[in-house]
Amino acid sequence: MAGVPSEFELSTNARDFLIDAFQKFVLGLILTFTLFPIFMMIATSLKSESELYRDGLHLLPSALNVQNYVDMWARFDLVGFFINSLIIAGTTTVICLTVASLAAYAFSRYEFPGKGLFGLTILSTQMIPGVLILIPIFILFLTIQREFGVPMINTYHGIIFIYSTFTVPFAIWMLRGYFDTIPAALEDAARIDGCTRLQALYRIVLPLAMPGIAATGMFVFIIAFNEVLFASAFANDGVTPFAIGIQEFQTNTGTHWTEMMAAATVSSVPLLLIFALFQKQIVSGLTAGSMKQ
Amino acid sequence: MGTVELQQLRKRFGSGDDAVVAVDDLSLELEDGEFLVLVGPSGCGKSTTLRMIAGLESATDGDIRIGRESVTESEPRDRDIAMVFQNYALYPHMTARENMAFGLKMNSSLDDATIDSRVTEVAQTLSIEPLLDDTPSELSGGQQQRVALGRAIVREPAVFLMDEPLSNLDAKLRSQMRTELQALQASLETTTIYVTHDQTEAMTMGDRIAILDEGELQQVGTPLECYNTPANQFVAGFIGSPSMNFLDVTHDDGTLTHEAFTYELSESTTELLEDQTDYVMGVRPEDLDLAPDGAIDADAEVVEPLGDLSHVHTRVGETLVTATVPAGTQLPAGESLTLSVPESRLHIFDQLSGEAIKNSDGPTEEQPLIAAE
């Protein structure tokens, strides 16, 4: 930087340093808020009940007590809750991705009357708080059971139906943006190469949309896995998912916090695994190099 | 048989007041093995025409026949065509080999070994064999272009459709690929329709060129026909670089009068001009000579030396006129000069309709001119 006064350089450096420090401080603050509950969950799961209720603030356990991870399985059918959660979240994800990817593809590639209005209607369903439709859905489910003899409350298909209605609109919007980035010329090429429209979709477009589909699927799975409000109303008696089942550590005689935290820690493992598995697909720019820009 | 016939082909986008006619009443016929270049400015309907032939756009009216059979309602895969796209459109998740084999896998009953040997054979022809296991993102623009070409060739279709396939290459590679493509088409003898906006590609590559403007066919003929006997002022201005010079003139009893000069016409030419007074005089830059006793007074503005020759931009009255002169011609800006043009090289167009009334006497080969209807 020849010819520039050294005071200016110093002040620029100092300003850069301050900006950098401020950014790190804000990031640190956000990370603390995000990670502290997780830290407390793990720390509590490793404490004994007596240590938990000792006076004073003790962040770290005095000794690593893994007994909670053994005892928690004996108290309730945690494995059953877990399987229920996997069934509910997994099926919701499959249904949601199937419906949403076809709808998003149509939104991205076709012009049809009412396209804008339809898109806005789908988006507007996301603006209604879930608690507002809790009772209408309850009435709807009772009506379906009465009129058609199909039980909906406390069934897998009932809760999967509810979760799908929430997640499909969100997934359509997310996938539509992704499909828009895949050049239409690739489908043209595939159709000339001998594909039908549907073959072009699943042989060319869907493989290229995998990063977007994986990311969307992961969000849907997490939403369905963690949901509490509707699960507490519509998923009990044999279909109880983990998020509700874990509340059973609260008994009439008291709450077994340490075992509950151990169960919560274990329950976050599948989500971490999903993140780890799909991370590569989510970040990879698979379409790079397909088209000369 | 790779004959192609377009009969009164029409494409309208939208409806009602918003309707846009992209292609209007287009009729064309291609012989088996012919190389036709569809050329025109942006938005003239050339790509839409190609996409209709490919089956990627439906025709509003008219008929498309490939090998004498109507394919207007057929799916792209049933038309026995292959297409090379402007952006190559290679499948990014497949290797070059898989890209080239994809069409054969989808559209033929050939076994894997036969497909593989055909891909390898075509790859050898295009000198891309070492690249067959690379994905498109690992290839350069020129290499991607060759793979895209290979993907079309390996199918051995009745017709090749090419949508500005060279426009993304740099100038040197483009000119090299232009020659290669011509040689390849000549050896394969596959009917080819080639879309471009580049009039140099149009002039150099095709057996015939079809010039489109605003969805309408202006002229179809050999490059020399279109150059020397343009059907109208649009074709005259579009074909040739630098463009033909146009000067608005009025006619009175064998004399063309421009604001800056008058030009005496022979009796035979005068007989062609009737009923009206307003015409456009067209002169190709290379037909203008710097002559001391020329009929056209001009002022020099800029000289562009190209090495082998130079372009002199002059002003005739208010009109900018370009002349091609021998290399080394020195002309200071503002210098007055006179230009001459022999009557045999003169074009005259109707000022209202733009139709050619008189063309130059240049060679046009022994082929009839088919003018747009």
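Participant: Quick question: what am I supposed to make of a negative patch on the surface here?
Facilitator: Residues and elements named next belong to chain B. On the surface, a cluster of negative charge is made up of E29, E31, D32 and E189. For E29, the location among the structural elements is in strand β2 (residues 20-30). Judged by relative accessible area, E29 falls into the partly exposed class, the value being 49%.

Participant: Honestly, the side chain of T190 of chain B in this entry has me stumped. Any pointers?
Facilitator: Residue position: T190 of chain B is located in the loop between α5 (171-188) and β8 (191-196). If near-sequence neighbours (up to four positions away) are discounted, T190 of chain B is found in contact with G33, E34, P157, A158, V159, F160 and Q185 of chain B.

Participant: Would you mind showing me how to read the environment of P223 of chain B here?
Facilitator: Residues and elements named next belong to chain B. For P223, the location among the structural elements is in helix α7 (residues 223-228). Linking P223 and L181, residues 42 residues apart in sequence, is a C-alpha distance of 17 Å. Leave out the neighbours within four places in its chain, and P223 touches A202, M203, G206, D207, R208 and I209.

Participant: It is not clear to me how the side chain of E51 of chain A should be interpreted in this structure. Could you clarify?
Facilitator: Residue and element names in this part refer to chain A. Mapped onto the secondary structure, E51 falls in helix α2 (residues 49-52). Note on E51: relative accessible area 8%, which makes it buried. Leaving out residues up to four positions away in the same chain, E51 has contacts with L60, P61, S62 and A63.

Participant: Would you take a moment to explain the pattern of salt bridges for this structure?
Facilitator: Opposite charge on two side chains lets them pair, provided their charged atoms get close. Residue and element names in this part refer to chain B. Throughout the structure, instances matching the rule amount to 20 salt bridges over all chains. The partner of D24 in a salt bridge is R10, and the shortest N-O contact between them spans 3.1 Å. Of the two residues, D24 is situated in strand β2 and R10 in strand β1 (residues 4-13); the sequence distance between them amounts to 14 residues. Since its relative accessible area comes to 24%, D24 is described here as partly exposed. The closest approach of N and O atoms between D63 and R65, which form a salt bridge, is 3.0 Å. A residue is classified by how much of its surface remains accessible, and D63, at 15% relative accessible area, is buried.

Participant: Mind showing me how you'd approach the domain arrangement of chain A here?
Facilitator: How big an interface is tends to be expressed through the accessible area that disappears when the partners come together. All names here are of chain A. Under the domain assignment used here, chain A contains domain 1 (6-45) and domain 2 (68-291). Computed from C-alpha atoms alone, the centre-to-centre distance between domain 1 and domain 2 is 34 Å. With 4 residues of domain 1 at the interface, the matching set in domain 2 holds 9 residues. Of all residues in domain 1, the largest losses of buried area upon contact with domain 2 belong to M41, T44 and S45, amounting jointly to 93% of the total for that side. Our count for the domain 1 to domain 2 interface comes out at 0 salt bridges. Along the contact surface separating domain 1 from domain 2 lie 2 residue pairs in polar contact (both at pLDDT 80 or more). Its residues assigned to classes, the side of domain 1 that touches domain 2 shows 2 nonpolar, 2 polar and no charged.

Participant: Help me understand the sheet that holds strand β12 (residues 255-258) of chain B in this model?
Facilitator: Sheets are built from strands paired through backbone hydrogen bonds, the pairs being either parallel or antiparallel. Residue and element names in this part refer to chain B. What the 6 strands build is an open sheet, ordered β13-β12-β11-β14-β20-β21; its pairing is antiparallel. In this open sheet, the two strands that pair with only one neighbour each are β13 (261-264) and β21 (356-358). Neighbour-to-neighbour, the strand axes of this sheet turn through a mean angle of 35°, independent of strand direction. Across 3 bridges, strand β11 (residues 245-252) lies against β12 in antiparallel orientation. Each residue of the ladder has a partner; that of D252, found in β12, is T255.

Participant: Whenever I open this one, helix α5 (residues 115-124) of chain A confuses me. Can you help?
Facilitator: Every α-helical turn comprises 3.6 residues, leaving residues that sit three or four positions apart pointing alike. Residue and element names in this part refer to chain A. Along α5, the residues that are buried comprise K115, G119 and I122. Within α5, the buried residues cover an arc of 60° as seen down the axis, which keeps them to one side. In α5, the exposed positions that point more than 90 degrees away from the buried face belong to G116, L117 and L120. On its buried face, α5 is in contact with α4 (78-109) and α7 (156-180).

Participant: Where do I start with the sheet that holds β2 of chain B in this structure?
Facilitator: Residues and elements named next belong to chain B. Spatially, β2-β1-β4-β5 is the arrangement adopted by the 4 strands of the open sheet, whose pairing is antiparallel. Whereas interior strands pair on both sides, the edge strands pair on one side only; in this sheet they are β2 and β5 (69-70). As judged from the 2 bridges shared by strand β4 (residues 61-66) and β5, these two strands associate in the antiparallel manner. For R65, the partnering residue across the bridge sits in β5 and is S70. Running at roughly 115° to β1, helix α1 (residues 46-54) makes contact with β1, β2 and β4 of the sheet.

Participant: What am I meant to see in the nonpolar core here?
Facilitator: In globular proteins that are soluble, nonpolar side chains generally tend to be buried together. In this structure, L28, L161 and I193 of chain B are the most contacted members of the largest nonpolar core, which totals 63 residues. Ranked by residues supplied to this core, first place goes to helix α9 (residues 197-226) of chain A with 8 residues. Among residues more than four places away in sequence, those in contact with L161 of chain B are L50, I53, A54, I81, A82, M83, V84 and I193 of chain B. Grouped together as the second largest cluster of nonpolar side chains are 43 residues, I115, V119, V154 and F238 of chain B included.

What counts, and at which threshold
- Residues numbered from 1 in each chain as written.
- Chains lettered and ligands numbered in written order.
- Predicted model: local features only at pLDDT ≥ 70, side-chain atom pairs only at ≥ 80, totals over all residues.
- Heavy atoms only, no water.
- Patch = residues over 30% accessible without salt bridge, like charges linked within 9 Å, V, L, I, M, F, W, Y side chains within 5 Å.
- Areas by Shrake-Rupley, 256 points an atom, 1.4 Å probe, with all protein chains shown as cover.
- Salt bridge = Lys/Arg side-chain N within 4 Å of Asp/Glu carboxyl O.
- Lys, Arg positive; Asp, Glu negative; His and termini not counted.
- Charge placed at Lys NZ, Arg CZ, Asp CG, Glu CD.
- Helix = DSSP H or I, 4+ residues; strand = E, 2+ residues; numbered from the N terminus.
- Buried < 20%, exposed > 50% of the residue type's maximum accessible area, 1.4 Å probe, protein only.
- Contact = heavy atoms within 4.5 Å.
- Domains from an automatic or database assignment.
- Buried area = accessible area lost by both parts, 1.4 Å probe.
- Polar contact = N/O pair within 3.5 Å; in protein donor to acceptor, adjacent residues only side chain to side chain.
- Nonpolar A, V, L, I, M, F, W, Y, C, P; charged D, E, K, R; others polar.
- Pairing = 2+ DSSP bridges.
- Axes fitted to C-alpha atoms, helices over the stretch in contact; angles between N-to-C directions.
- Arc of directions from axis to C-beta.
- Core = buried A, V, L, I, M, F, W, Y, C linked by side-chain atoms within 4.5 Å.

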